[in-house]
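Working through the structure, step by step
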Amino acid sequence: MPTPKDAAAVILLRQNTDPNNPEVYWVKRSDKLAFLGGFHAFPGGQLDETDTEVVVQNSPNPETSVMISGAARELFEELGVLVARGGEHLTKGQRVSLRDDLESGRMSWPKLLEHYELYLDANDFTFVGRWVTPPFSPKRFDTWFFLANCPAKQEPNVIPGELASGEWVSAGDGFNRWLNAEIMAVPPTLHALKTLSNGLTSELVERFLENPQAHGQSVRRIEFRPNYIFFPVRTPTRPPATHTNCYLVYNSKEILIFDPGSPYEDEQQALAEMVDELRSEGRSVLEIILTHLHPDHVGGVNALKKHLDGNVPVAAHAQTAEALSAVQIDRFIEDDNLISLVGDPAIELRALHTPGHARGHLCFHDEQRGVLLTGDNIVGLGSVLIDPPEGNMIDYLNSLERMRSLAELKLLLGGHGPPTTVPYRKIDEYIAHRLEREEKILEAVRSGLTSPEEIVKVVYTDVSPKAYAMAERAVLAHLEKLDLEGKLKLN
Ligand SMILES: [Zn+2]
């Protein structure tokens, strides 16, 4: 699990904004980024080593000074907004060229401040919480959030790159856009919008800080989209993944739990607490559902079922049930079956039998919201293992094509790693990647190589030798496919 890196972010308030529902500046991250691509967020980023050299007036301690320097620098780099005393004497043109000097590395942040006799003042940055990215993520940050006022005569602007765009939004509108599933955001962003939407009152900072997660406590309830709780649990899975994503889909009355995969007691306990929190608000668990049979997806089923007094059925595809001995499957789900939640809002998921990674693999499609639970067919982190005979390359590619054919997909929620906001691009990449490998495997075979061991060495030149054993299974799967298609006959 990666150690969180220190980072700072700024919630920028618009000048003369409505104190009852203030406007803040949010940015949309490029959908090409692997980490939170396509998400809405506040400007910010990792600390720079030069941040320690900046003197901050009225700062309570050196640690806070460094964080404020990072926040001010990121704000200037990303939006061109300079929150520094003395900065009011700079013209717009000077600010533009300074931003360019900083971005291009011609001048360091401390030098720039010093050269123009600018200084940072802690009174301009109000600390409103410290959030730590949960351990499931391949990139983790320990981020300090600050509120700051946009100085007069400065207007933020985003230079497209890592950030796609930016705009002022009233806190209430921003939060509603999440409620309406128009945008994706992480918990600290949503917490800030919700808190600010109740107005710039005297107890604003207390309201920001009353959430225990705003003090660096690990975030467990992650709801990138309303009604879909993303709940990664630690599992003995394949690296680089360290967690399996369990999902809780809920409405006012019912809850579905997908892939409670952790065999570890502390993680099972955390999931049970999350489930109990939802139940305490008047909901009941409809079913526990399994996407497929692998241990990192089913390891916590029995414990959860026991926690729920055995009253909840476990559902999966018949081929999953056949192969699983440690878990009892109470109901079979077939291709095209509908699973509906009674209550508000109505939620309906269509099961898709999508074999390839595993024979009985299921995906679940929420047509109304454009959400697809992809199980291990598409993941946000690492690669998908196709290991015959459970794995089958022809089936897998057919399954990917079928997923590709679904209309109006907006979000892929996979079994590992972060979600994907560009579903079709991701599925196309998966298909292209497999076909490219296959082409090379065929070339290797035509050049006279026969065993997967030999073929891996010439085809998988981009992977570490540690991964060769896995790659050999994939080669075998490709060879089976090529053989069935008659493409190996010439040899
Ligand atoms: Zn799997």
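Values in this document were obtained by computation on a predicted structure and should not be read as measured data. (Residues numbered from 1 in each chain as written. Predicted model: local features only at pLDDT ≥ 70, side-chain atom pairs only at ≥ 80, totals over all residues. Heavy atoms only, no water.)

Focus: the packing of helix H13 (residues 452–459) against helix H14 (residues 468–484)
Selection rule: Only the stretch in contact is used when fitting a helix axis, every axis being a line fitted to C-alpha atoms; angles between N-to-C directions are given from 0 to 180 degrees. Secondary structure follows DSSP: runs of H or I at least 4 residues long count as helices, runs of E at least 2 residues long count as strands, and numbering of each begins at the N terminus. Each angle gets one of four labels, with under 35 degrees taken as roughly parallel, over 145 as roughly antiparallel, 65 to 115 as roughly perpendicular, and the rest as oblique. In what follows, residue pairs with any heavy atoms lying within 4.5 Å of each other are defined as contacts. Residue type decides the class: Asp, Glu, Lys and Arg count as charged, Ala, Val, Leu, Ile, Met, Phe, Trp, Tyr, Cys and Pro as nonpolar, and the leftover types, Gly among them, as polar.
The N-to-C vectors of H13 and H14 enclose an angle of 105°; their axes lie 9 Å apart at closest approach. One finds that H13 runs roughly perpendicular with respect to H14. Where H13 abuts H14, its residues Pro452, Glu453, Ile455, Val456 and Lys457 lie against Tyr468, Ala471, Glu472, Val475, Leu476 and Leu479. Tallied by class, the residues present in the contact of H13 with H14 amount to 8 nonpolar, no polar and 3 charged.

Notes on the coordination of the zinc ion
Formally: Excluding water, the donors of a metal are its N, O and S neighbours within 2.8 Å, or within 3.2 Å for Na, K and Ca, and that exclusion means sites may look incomplete. Here the term buried applies to any residue with accessible area under 20% of the maximum for its type, exposed to any over 50%, and partly exposed to those in between, with areas from a 1.4 Å probe on protein chains only.
In this structure, His292 (NE2), His294 (ND1), His357 (NE2) and Asp376 (OD) serve as the protein donors to the zinc ion, at separations of 2.2 to 2.3 Å. When the donors of the zinc ion are listed by position in the chain, the intervening gaps give H-x1-H-x62-H-x18-D. By relative accessible area, which is 22% here, histidine 294 ends up partly exposed.

Topic: the pattern of salt bridges
Inclusion rule: A side-chain nitrogen of Lys or Arg and a carboxyl oxygen of Asp or Glu constitute a salt bridge if their distance falls within 4 Å.
Throughout the structure, instances matching the rule amount to 33 salt bridges. Aspartate 101 is the salt-bridge partner of arginine 106, the closest N and O atoms lying 3.0 Å from each other. For arginine 106, a relative accessible area of 54% puts it in the exposed group. Through salt bridges that share partners, Asp51, Arg73, Glu74 and Glu77 make up one connected network.

What to know about the sheet that holds strand E12 (residues 243–250)
Cut-off, in case you're wondering: Strands are labelled as partners when DSSP assigns at least two bridges between them.
Taken in spatial order, the 7 strands make up an open sheet running E10-E11-E12-E13-E14-E15-E16, and their pairing is mixed. Each edge of the sheet is formed by a strand with only one pairing partner; in this case those strands are strand E10 (222–225) and strand E16 (331–332).

Let's talk about the pairing of E10
For E10 and strand E11 (residues 228–234), the ladder comprises 2 bridges, and the chain directions are antiparallel. In the sheet register, arginine 225 faces E11, and the bridge partner there is tyrosine 228.

A look at the side chain of aspartate 51
Selection rule: We call two N or O atoms a polar contact when they sit within 3.5 Å, provided that within protein one can donate a hydrogen and the other can accept it, with sequence-adjacent residues counted only if both atoms are side-chain atoms.
Along the chain, aspartate 51 falls in the loop between strand E4 (44–46) and strand E5 (56–57). For aspartate 51, the side chain forms a polar contact with the side chain of serine 69, separated by 2.7 Å. Here aspartate 51 is in contact with Val66, Ser69, Gly70, Arg73 and Trp109, once residues within four sequence places are set aside.

Concerning the nonpolar core
In globular proteins that are soluble, nonpolar side chains generally tend to be buried together. To keep it simple, the criterion reads: As used here, the term nonpolar core means buried Ala, Val, Leu, Ile, Met, Phe, Trp, Tyr and Cys residues forming a set that is joined through side-chain atoms within 4.5 Å.
Formed by 54 residues in total, the largest nonpolar core has its most connected members in Ile11, Leu196, Phe258 and Phe364. Once you skip the residues sitting within four places of it in the chain, isoleucine 11 turns out to touch Val24, Phe42, Val128, Phe145, Phe146, Leu147, Ala148, Ala192, Leu196 and Phe208. Residues Leu47, Ile68, Leu98 and Leu120 belong to the second largest nonpolar core, which totals 38 residues.

A closer look at the environment of glutamate 117
One can find glutamate 117 in the loop between helix H3 (109–115) and strand E6 (120–121). Separated by 30 residues in the primary sequence, glutamate 117 and glycine 87 place their C-alpha atoms 8.6 Å from one another.

Digging into the packing of aromatic side chains
The line we're drawing: Only Phe, Tyr and Trp rings are paired, with Trp represented by its six-membered ring, and only when their centres lie within 6.5 Å; those with planes under 30 degrees apart are stacked, over 60 edge-to-face, the remainder tilted. Any Lys NZ or Arg CZ that is within 6 Å of a ring centre and within 35 degrees of that ring's normal is treated as a charge sitting over the ring.
In the structure shown here, the tally under the stated rule is 13 aromatic pairs. Where tyrosine 25 meets tryptophan 168, the ring centres are 5.2 Å apart and the plane angle is 85°; that geometry is what we call edge-to-face. Remark: tryptophan 168 occurs in strand E9 (residues 163–170) and tyrosine 25 occurs in strand E2 (residues 23–29); sequence separation between them is 143 residues. Judged by its relative accessible area of 4%, tyrosine 25 falls in the buried class. For tryptophan 168, a relative accessible area of 14% gives the class buried. Taken together, Phe39, Phe136, Phe224, Phe230 and Tyr247 form an aromatic cluster joined through their ring pairs. Across the ring face of tyrosine 460, the terminal group of arginine 437 is positioned such that the distance to the ring centre comes to 4.0 Å.

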